[in-house]
Each structure stands twice: as C-alpha cells, then as structure tokens.
Amino acid sequence: MKRIELLETKKRCLEEKLRKQSMKSLLRFTMSTMPTFRPAVFHRYYYDVLTKFAFGEIRKLMVFMPPQHGKSEGSTRRLPAFILGIKPDTKVAMVSYSAQKAMKFNRELQRIIDTQEYRNIFPDTCLNGKNISSLAKEGNWLRNAYECEVVGHNGGFKTVGVGGALTGEPVDVMILDDIYKDAASAWSATVRESISDWYDTVAETRLHNDSQQLIVFTRWHEEDLAGKLIREQGVYDAVENPDGWVIVTYKAIKEGMPTEYDPREEGEPLWPERHSLHKLELVRQRNPHVFESLYQQNPMPAEGLMYSLGFRTYSTIPATKNSIVKAYCDTADTGADYLCDIIYVETETANYILDVLYTQKPMEYTEPKTAERYTKYDVKTAVVESNSGGRSFARNVESQCRMMGNNTTSFVWFYQNQNKQVRIFTHSAEVQNLTYFPEGWERLWPEFHKAIMSTTKEGRMDHDDAPDALTGTIEQRGELIPKDIEKRLSQLM
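Keep in mind that what you see is a predicted model, and the values were worked out from it rather than measured.

Definitions and limits used
Residues numbered from 1 in each chain as written. Predicted model: local features only at pLDDT ≥ 70, side-chain atom pairs only at ≥ 80, totals over all residues. Heavy atoms only, no water. Buried < 20%, exposed > 50% of the residue type's maximum accessible area, 1.4 Å probe, protein only. Helix = DSSP H or I, 4+ residues; strand = E, 2+ residues; numbered from the N terminus. Pairing = 2+ DSSP bridges. Axes fitted to C-alpha atoms, helices over the stretch in contact; angles between N-to-C directions. Contact = heavy atoms within 4.5 Å. pLDDT = per-residue confidence, 0-100. Phe/Tyr/Trp six-rings, centres within 6.5 Å; stacked < 30°, edge-to-face > 60°. Lys NZ or Arg CZ within 6 Å of the ring centre and 35° of its normal. Expected span 1.5 Å × (residues − 1). Bend = angle between axes of the 7 residues up to and from the residue. Parallel < 35°, antiparallel > 145°, perpendicular 65-115°, else oblique. Left-handed = near helix turned anticlockwise from the far one by under 90°. Nonpolar A, V, L, I, M, F, W, Y, C, P; charged D, E, K, R; others polar.

**Some details on the pairing of strand β9 (residues 324-330)**
- Along β9, six of the seven residues are buried, which leaves the element largely enclosed by surrounding structure.
- Note that β9 and strand β12 (residues 381-385) share four bridges and pair parallel. Across the sheet, the residue bridging to Ala327 is Ala382, located in β12.

**Topic: the sheet that holds strand β13 (residues 410-414)**
- Ordered in space as β8-β14-β11-β10-β9-β12-β13, the seven strands form an open sheet in which the pairing is mixed. The outermost strands of the open sheet, each flanked by one partner alone, are β8 (312-314) and β13. Pairs of neighbouring strands in the sheet enclose a mean axial angle of 30°, with direction left out of account.
- In the packing of helix α17 (residues 446-453) onto the sheet, contacts are made with β10 (339-346), β11 (351-359) and β14 (435-438), and the angle to β11 comes to roughly 105°.

**Thoughts on the confidence of the model for the protein**
- Per-residue pLDDT for the protein has a mean of 87; in total, 90% of the residues score no lower than 70.
- Across residues 484-493, where pLDDT falls below 50, the model places 10 contacts with residues more than four positions away in sequence or in other chains.

**A short note on the side chain of Thr218**
- By the secondary structure assignment, Thr218 is in the loop between β6 (207-216) and α9 (225-233).
- By relative accessible area, which is 11% here, Thr218 ends up buried.
- The residues touching Thr218, leaving out its near neighbours within four places in the chain, are Met65, Asp178, Ser293, Leu294 and Gln297.

**Digging into the environment of Asn396**
- Looking at the secondary structure, you find Asn396 in helix α13 (residues 390-403).
- What makes Asn396 partly exposed here is its relative accessible area of 31%.
- Taking the C-alpha atoms as reference points, Asn396 and Asn131, 265 residues apart in sequence, are found 74 Å from one another.

**Some thoughts on the packing of aromatic side chains**
- Using the criterion set out here, one finds 26 aromatic pairs in the structure.
- Note on Phe37 and Tyr47: the rings are 5.5 Å apart at their centroids and 45° apart in plane angle, and the pair reads as tilted. Of the two residues, Phe37 is situated in the loop between α2 (26-33) and α3 (41-54) and Tyr47 in helix α3; the sequence distance between them amounts to 10 residues.
- Ring-pair connections join several aromatic residues into one group, and the members of that group are Tyr307, Phe311, Tyr338, Tyr358, Phe437, Trp441 and Phe448.
- Lying over the aromatic face of Trp271, Arg274 brings its terminal NZ or CZ to 4.3 Å of the ring centre.
- If you follow Lys361 out to its NZ or CZ, it ends over the ring of Tyr365, 4.4 Å from the centre.

**Notes on helix α4 (residues 71-86)**
- Relative to the 22 Å expected for 16 residues at 1.5 Å per residue, α4 spans 21 Å between its end C-alpha atoms, a close match to the ideal helical length.
- Along α4, the sharpest change in direction is near 40° and occurs at Arg78; proline Pro80 comes one to four residues later.
- In terms of burial, α4 is largely enclosed, as 15 of its 16 residues are buried.

**Details of the side chain of Gln400**
- Structurally, the position occupied by Gln400 is in helix α13.
- The residues contacting Gln400, other than those within four sequence positions of it, are Glu367, Pro368 and Ala371.

**Concerning the packing of α4 against helix α5 (residues 99-114)**
- Look at α4 against α5: their axes get within 10 Å of each other, and the N-to-C directions meet at 50°. Here α5 runs oblique to α4, going by the angle between their axes. In this structure, α4 crosses over α5, and the sense of that crossing is right-handed. For the pair α4 and α5, contact is made by Ser72, Thr76, Arg77, Arg78, Pro80, Ala81 and Leu84 and by Lys104, Phe105, Glu108, Leu109, Ile112 and Ile113, respectively.
- The residue inventory of the contact of α4 with α5, partitioned by class, reads seven nonpolar, two polar and four charged.

**Section: the pairing of β11**
- The buried fraction of β11 is high, at eight of nine residues.
- Sheet topology note: the β10/β11 ladder contains eight bridges and is antiparallel. Bridged to Tyr344 within β11 is Ile353.
- Hairpin connection from β10 to β11: four residues lie between these consecutive antiparallel strands.
- Pairing geometry for β11 and β14, over two bridges, is parallel. By the bridge assignment, Tyr352 is partnered in β14 with Tyr436.

Written as structure tokens, this is what we have:
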C-alpha cells in the first residue's frame, strides 16, 4: 500500500514539474499538448526563440523556414495558445493568404485550447462552451470561425485573410503566416503592392507602442513584405536599431558559419530524419531557382540579374596550344565577407573554371587550403588582391606552397582601387561570354553559384566577393601580372 502511495506521489510530483515547465517553455508546452510531437534538433532552437517572443523579449521577429519543417505548428498553432495561457488578456491576430486558410488556423487553435492537456497547464484560459457568432444575439463571449474571446478576460484571437478587415480593438500580438499563397503571387508586382498597402493601411493601424509582430513565410521575392520591412526598418540591434527586426533563417542546407539559432555546420541538412541531404540535392537539381527560394530562403528575382544569360558548361577542356593555369583571389575584408579564390585554365578563346574556394572560414583554414589547391592544380600564376591583408595572405600561401614542394606557382599581389560594382557591371558580358564552368557546378559550389546567379544589375550587394573575383579572371586575361602592377613597374624603369 505504501509503495502504491509512493508511486502516486512521485507521479503527481512529476506531473506538476512538467506542468510548470510547460508554463515556461513553448517546446515543453507543445510536447505536453501534442503527444505525437517528436522535435528535431533545430526545433529546440526554433521553439526557444518563439518562447522569447511569447514572453516579450523580442518585439519584432521574422522566421524563414523551408516547407514541411513544422513552421506553422510552432508559430501559428502552439504559440498563440501558449501566449493566451500565460497572458489571457492578450489580443492576438493571425493573418494568412486567404480567409479559408486563416479559418483553418482558427479551428486548430480552438481544438488545442479545448483539450484536457491544455486545461491542466492553463486552467484559467478557456473559450465559450458553445458557438457564439454575435454578442448582440446571445452570450457574453464570442466564439466563431473568425474571432474567439477568452472567458473572464480581455484577451482572445482573431483570424483574417490578408486584405481582410481588422476592425475593433488594438492588437497586442500580430502573426502573419504565409501571406503569399505561392510563387506566382509573390512574383506578381500587383499582389506585392496590394499586400504592402494592406499592411500599411490595415494591419499596422491596429498596433500600439508595445505590440509584437511575428512574420513567418517563404521568401519568394526580394521585394516581398519581409524584404520591404527589412529595407525600411533594418535588422534589430539593441543600441543602433532597437526598432529593427530579429531575423531567424533556417535553410534546408546550411550555408555559412553557425549562428545562435542555427548551430549546424555548413552543408548539413536541417531535418535529416525527414528531408535527407540526398533528397534535397535532387530537388535542387530539378529547379535550382525554386530551391533557392523555397528551401534556402534566398529570393532571386528573375528580372534585373547581372548574368541573366547564364553560363556555358564543359565536360572536357579543349586542347589548345597556348593555355595556362591561373588563379585569382579576393581575400575577405571583414569577418562577414567571403574569401573567393578561383582556379582556371586560360586559353586563347575562354576561361575554364577548375576549382572554387568560397568561404567565411578564417585564415588558419584558407591559407593551407589555398596552398594545397595551387599545388594540386599546378597553378602557374596566382593574382591576389592585396586589400585588407591580401599581401600577407599571399606571402603565407606562397611559403606553404614551397614547403609542399611547389616551386612553380608565382604570386603577384596588387591593390584594387576600382569600384567593385562598376567593374562587375562593365565586364558582365565578357564574363558570360568567356567563362565556362564544369557541368554540375551548382552542386560543386552551391554557395558560390547562388552568389553569382543572384547578382543584380542594380541595388546593394551584401556579398560581392564572388562576382568580383570572377570579373578579375576576365580582367587579367593574357596578363602574367596585373595590369596596374605592370604600369607601375614600367614607371619605375
């Protein structure tokens, strides 16, 4: 008897512990109210940032994530229920691309709040026991497909399709989930303008000083609502830009260095148990443009691209009488920049790219890696831009080449004083006409491919290292040393 009582006491203690944890963590809350939920590693980081949002630590948040990775489950189903549990006086508005989609979110949210598991965690938050469409007719607390009120409190939630009305009282928390139905709508300038106008004239007018906003959707176009808001309001910084947006991006295949919310190493899939790297690469092969937007959250407008004609590819480099293996290297100016080093065969008619190193990794990695590659491909001439440490980089790589027994590669560094964007634009036609990439280069160097193929003719380029280095390979055609170096040497003689 005592053993049974002891087991029951332990069970109650465990249940109480889980209940308290569920009141403090959205992940724990989701696991308690959704027994089938099996969070992947990245879900823990995703739900952690949503928990911070729920408790008001983040005021304006954008989350971009591939499809079928549990984005809406966290942001638009569990999060509103969690917020209304910890703060039942909160007025929540949820917006999606259509009224039907918004109503679906409404029904799902009602079901969550109605469960016994939810009442065990938040007993003070409940909805009217019957459907009430109008307060003028019956009841005290609304509950219908568009709006529900928390019984005994001032809070509740409304759901609306983008373009619909948000009349009534101010909104404390606004969640915009998939406000573009598909690629066609996001690529339509008319649709983008309509959604932007609705946000300015309807959605934003319901917000007050302390309102919170969460935007979650797939990036299809750089001028979608998220892109417009980021351009106008900027990224959050506690000192420099406290009114900016906290941006959390989960790419299907990790690119770049680990971050606070995504500690994966470069090249790792987001949810390998559900979407393996092999499966994702097959999707990329079928349609690289769609993959970049839908899975990598990198909007690439079809119009205005610098290299809109694309590049020719080769399977075998043609034998020519006069050819030379060369390299052009643009070292990283800052920690956020990329080192871009391109090894290629220069012939009388074209440049054939052999290998590319495009990375944000530190010099401890890039210097020996570059020396190893120059030795492997028997590079004859390596041209290195000496801006911001380029000269030191060239000397160190040369030293390591010699230690590897490579006495062939000659190194030349020079200061690049011409405007990057002007150079890239001026030589863009030559770059497309005279550059051949190996077949499948989008799979060999996916991040470099993305940087090249998303370069635009107008507007700011956050990372222009890839097109800059590619332009350099064309500028130096026929030259054993950079042209401005040759000019300066002639002046000294």
